[in-house]
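Listed below, chain by chain, are the residues.
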Amino acid sequence: RRVLFRSDSQTHKKVEGMIVVTMPLDEDELKALKEWGIPVVLLGVRHQGFSSVRIDDVAGARVATQHLIDLGHKKIAIMSGEQQNPFHFPVHQYRKDGFIEALEAANIEFNPHFELFADFTYKTAYALMQDALTRKEKPTAIFCESDEMAYGVMQAIKDAGMRCPEDISVIGFDNHSMADFAGLTTIAQPVNLQGEMAVWLLLEKLNNPNTEVKELMVPTNLIVRNSTAAI
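It is not clear to me how the side chain of aspartate 57 should be interpreted in this structure. Could you clarify?
When you line up the elements, aspartate 57 lands in helix H2 (residues 57–70). Within the structure, the side chain of aspartate 57 is placed 2.8 Å from the side chain of arginine 95, a separation counted as a polar contact. With near-sequence residues (within four places) excluded, aspartate 57 lies in contact with Val91, Tyr94, Arg95 and Phe173.

Help me understand the packing of aromatic side chains in this model?
Where two aromatic rings form a pair, the distance of their centres and the angle of their planes describe that pair. Per the counting criterion, the structure on display carries three aromatic pairs. With a centroid separation of 5.8 Å and an interplanar angle of 85 degrees, the aromatic rings of phenylalanine 99 and phenylalanine 110 are classed as edge-to-face. Separated by 11 residues along the polypeptide, phenylalanine 99 in helix H3 (residues 91–105) and phenylalanine 110 in the loop between H3 and strand E7 (115–117) bring together distant segments of the chain. The buried category is assigned to phenylalanine 99, whose relative accessible area is 0%. Residue phenylalanine 110 is classed as partly exposed on the basis of its relative accessible area of 23%. Ring plane angle 20 degrees and centroid distance 6.2 Å describe the contact between phenylalanine 99 and phenylalanine 143, whose orientation is recorded as stacked. Residue phenylalanine 99 is located in helix H3, and its partner phenylalanine 143 is located in strand E8 (residues 141–144); the two are separated by 44 residues in the primary sequence. Aromatic rings pair up to connect Phe99, Phe110 and Phe143 into one cluster. Lying across the ring of phenylalanine 173, arginine 95 places its NZ or CZ 3.6 Å from the centre.

What am I meant to see in the side chain of threonine 186 here?
Mapped onto the secondary structure, threonine 186 falls in strand E10 (residues 185–188). Separated by 3.3 Å, the side chain of threonine 186 and the backbone oxygen of glycine 172 make a polar contact. Polar side-chain contacts of threonine 186 include one of 3.4 Å to the backbone nitrogen of asparagine 175. Those residues in contact with threonine 186 that lie beyond four places of it in its chain are Asp147, Ile171, Gly172, Phe173, Asp174, Asn175, Ala179, Asn221, Leu222, Ile223 and Arg225.

How do you make sense of a nonpolar patch on the surface when you look at a structure like this?
Residues Val199, Trp200, Leu203 and Leu206 make up a contiguous nonpolar surface patch of roughly 400 Å² in combined accessible area. In this fold, leucine 203 is placed in helix H7 (residues 191–207).

Explanation requested: the environment of glutamine 93 in the structure shown.
With respect to the helices and strands, glutamine 93 occurs in helix H3. Note on glutamine 93: relative accessible area 37%, which makes it partly exposed. Measuring from C-alpha to C-alpha, the distance between glutamine 93 and glutamate 145 comes to 9.7 Å, with 52 residues separating the pair along the chain.

Teacher, can you tell me more about unusual backbone geometry here?
If a residue is not glycine, its phi is most likely negative; likewise, a peptide bond is most likely trans. With omega at 15 degrees, the peptide bond leading from cysteine 164 into proline 165 counts as cis. The phi dihedral of phenylalanine 120 falls on the positive side, at around 65 degrees, and the residue is not glycine. Summarising the element assignment, phenylalanine 120 is placed in the loop between E7 and helix H4 (122–132). Positioned with a positive phi, asparagine 175 is a non-glycine residue whose angle comes to about 60 degrees. Following the sequence through the fold, asparagine 175 ends up in the loop between strand E9 (169–174) and helix H6 (179–182).

Would you explain the packing of H2 against H3 in this entry?
Packed helices, taken two at a time, are described by their axes: the angle between them and the distance between them. Two elements in contact, H2 and H3, have axes separated by 7 Å at closest approach and are oriented at 40 degrees. If you check the angle between H2 and H3, you find them oblique. Seen from above, H2 lies across H3 with right-handed handedness. Of the residues in H3, those touching H2 at Asp57, Val58, Ala61, Arg62, Thr65, Gln66 and Ile69 are Val91, Tyr94, Arg95, Asp97, Gly98, Phe99, Glu101, Ala102 and Leu103.

Mind showing me how you'd approach the sheet that holds E8 here?
Hydrogen bonds between backbone atoms are what pair the strands of a sheet, whose relative direction is either parallel or antiparallel. The strand order across the open sheet built from six strands is E7-E6-E8-E9-E10-E12, with neighbouring strands paired in mixed fashion. The open sheet is flanked by E7 and strand E12 (221–223), the only strands paired with a single partner. Geometrically, the sheet is characterised by an average inter-axis angle of 20 degrees between neighbouring strands, direction not taken into account. Relative to E7, H4 is tilted by about 145 degrees, and along the sheet it contacts strand E6 (76–80), E7 and E8.

Analysis parameters
Residues numbered from 1 in each chain as written. Predicted model: local features only at pLDDT ≥ 70, side-chain atom pairs only at ≥ 80, totals over all residues. Heavy atoms only, no water. Helix = DSSP H or I, 4+ residues; strand = E, 2+ residues; numbered from the N terminus. Polar contact = N/O pair within 3.5 Å; in protein donor to acceptor, adjacent residues only side chain to side chain. Contact = heavy atoms within 4.5 Å. Phe/Tyr/Trp six-rings, centres within 6.5 Å; stacked < 30°, edge-to-face > 60°. Buried < 20%, exposed > 50% of the residue type's maximum accessible area, 1.4 Å probe, protein only. Lys NZ or Arg CZ within 6 Å of the ring centre and 35° of its normal. Patch = residues over 30% accessible without salt bridge, like charges linked within 9 Å, V, L, I, M, F, W, Y side chains within 5 Å. Areas by Shrake-Rupley, 256 points an atom, 1.4 Å probe, with all protein chains shown as cover. Salt bridge = Lys/Arg side-chain N within 4 Å of Asp/Glu carboxyl O. Axes fitted to C-alpha atoms, helices over the stretch in contact; angles between N-to-C directions. Parallel < 35°, antiparallel > 145°, perpendicular 65-115°, else oblique. Left-handed = near helix turned anticlockwise from the far one by under 90°. Pairing = 2+ DSSP bridges.

Here you go:
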């Protein structure tokens, strides 16, 4: 049995005396969860005192950017998540951190004009890339913090009469179901495995309430398809 309930615009899932939280919570909400005295696991986010399962977004973004660098690209743009994040998701910042780390390790200077702020949607990414392609200086590759944004970027490149990857290489993040169909190079995260691991943590806590808090990090991997190529 699953019950959904909403608190301060945030949705949580309550399953037979267990809770899986998939969004960042404020201190009051975290305190309330502790007071309930039932097993809680955070999925995709972390907080001290709670068990969690998540991927290493920094490492994933670093691998994505390094892939573009290895192909000879130096003018690399990034399609970031929105600057004002109402749900305080740290993912967009983590993925930007990995992007910057890879550039710095390769002694490539980050061009702030190559940072485009979207909101993890196809529509906004498409519009922003359309504008970027009218500028005099264009990137030869772009790292998108989500596959949805990568799809919008690829369509904008096509509609501008350019080619992907011959003119601009594109890499995404997540490996959603349409990524293979679109030929999108991306960073894959094992979503099902994360869910399974979260359930095992909950069951372990149910069987032994004194089980220590565990923070599990699930690895990502690079999936190379047709949207990236050597410059």
